[in-house]
Amino acid sequence: GKYKIKSNLAKYESDKISFHIKSPDPVTQTLRLKKKTSTKALIFSSFPGAGLLYAEKKRTAITFFGSTILSSLFTYYIRDQYKKNKSELALLQKNYFQAADLGEMGNAKKNRDSKEVEVNKLYNLRNQSIGARLGIYVFSIGITWMFNGL
């Protein structure tokens, strides 16, 4: 008959072999078990959570992968808000410079100044979210390197 054997031993890379048995005599097959290495875990950690998944730390891997995805989504959302508000600020700036009388100029300046405050807050939040995303990424690599359990 036709047989397949797959090894799935903790801390070892999986291996599988296929073979045919044509007689009722006992057959000996040897699986080659290679121990998982911390170097390979570090290489996999270039994608957040993959190194921890390789090191069989599934819960921690999912946490880092999820937090990286969420922080990336937040960063892109803030970036889009920043671009939109910056465009609006440019339009308000143009209106301010084109104002004809003092009353119109005062309203235009007030609108421009409040939008400028909002744009500056978004700019700072964007930079913080990029820093947080980078921090999560570096922390994931550090956790994989220090606590890979291999």
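Going along each chain's sequence as written, the residues are numbered from 1 onward. Restriction of local features to residues with pLDDT of at least 70 applies here, the model being predicted, together with a cutoff of 80 or more for giving and counting side-chain atom pairs; totals for whole chains, interfaces and linings are based on all residues. Each side-chain value is worked out from all heavy atoms of the structure, with water and hydrogens disregarded.

A.B. asks: I keep staring at a positive patch on the surface and nothing clicks. Help me out?
C.D. replies: Patch membership requires over 30% relative accessible area and the absence of a salt bridge. Like charges are linked within 9 Å, and nonpolar side chains (Val, Leu, Ile, Met, Phe, Trp, Tyr) within 5 Å. Per-residue and other accessible areas follow the Shrake-Rupley method at a 1.4 Å probe size, with only the shown protein chains counted as cover for residues. In what follows, salt bridge is the name for a side-chain nitrogen of Lys or Arg lying within 4 Å of a carboxyl oxygen of Asp or Glu. Charged-residue counts in this description rest on Lys and Arg as positive and Asp and Glu as negative, His and the chain ends being excluded. In this description, the location of a charge corresponds to atom NZ of lysine, CZ of arginine, CG of aspartate or CD of glutamate. On the surface, Lys 2, Lys 4, Lys 6 and Lys 16 cluster together into a patch of positive charge. Numbering goes from the N terminus for both helices and strands, where a helix is a DSSP run of H or I of at least four residues and a strand is a run of E of at least two. Sorting elements by how many residues they give to the positive patch places strand 1 (residues 2-7) first, with 3 residues. Along the polypeptide, Lys 2 turns up in strand 1.

A.B. asks: When you look at the side chain of Thr 68 in this model, what are you seeing that I'm missing?
C.D. replies: By the element assignment, Thr 68 lies in helix 3 (residues 58-98). Looking at Thr 68, the relative accessible area reads 13%, which means it is buried. If sequence neighbours within four positions are ignored, Thr 68 has contacts with Pro 48 and Ile 136. Only protein chains enter the calculation, and the probe is 1.4 Å; a residue is then buried if its accessible area is under 20% of its type maximum, exposed if over 50%, and partly exposed in between. Contact criterion: two residues are considered in contact whenever any of their non-hydrogen atoms come within 4.5 Å of each other.

A.B. asks: Help me understand the packing of helix 3 against helix 4 (residues 102-146) in this model?
C.D. replies: The description of two helices packed together rests on the angle between their axes and the distance between the axes. Here helix 3 crosses helix 4 at 160 degrees, and the two axes come no closer than 8 Å. Relative to helix 4, helix 3 is oriented roughly antiparallel. Regarding helix 3 and helix 4, the two cross each other, and that crossing is left-handed. A fitted line through C-alpha atoms represents every axis, and for helices the fit uses only the stretch in contact; the resulting angles, taken between N-to-C directions, go from 0 to 180 degrees. Orientation categories follow fixed angle ranges, with anything under 35 degrees roughly parallel, anything over 145 roughly antiparallel, 65 to 115 roughly perpendicular, and all other angles oblique. Whether a crossing is left-handed or right-handed is set by the direction in which the near helix is turned from the far one by less than a right angle, anticlockwise for left-handed and clockwise for right-handed.

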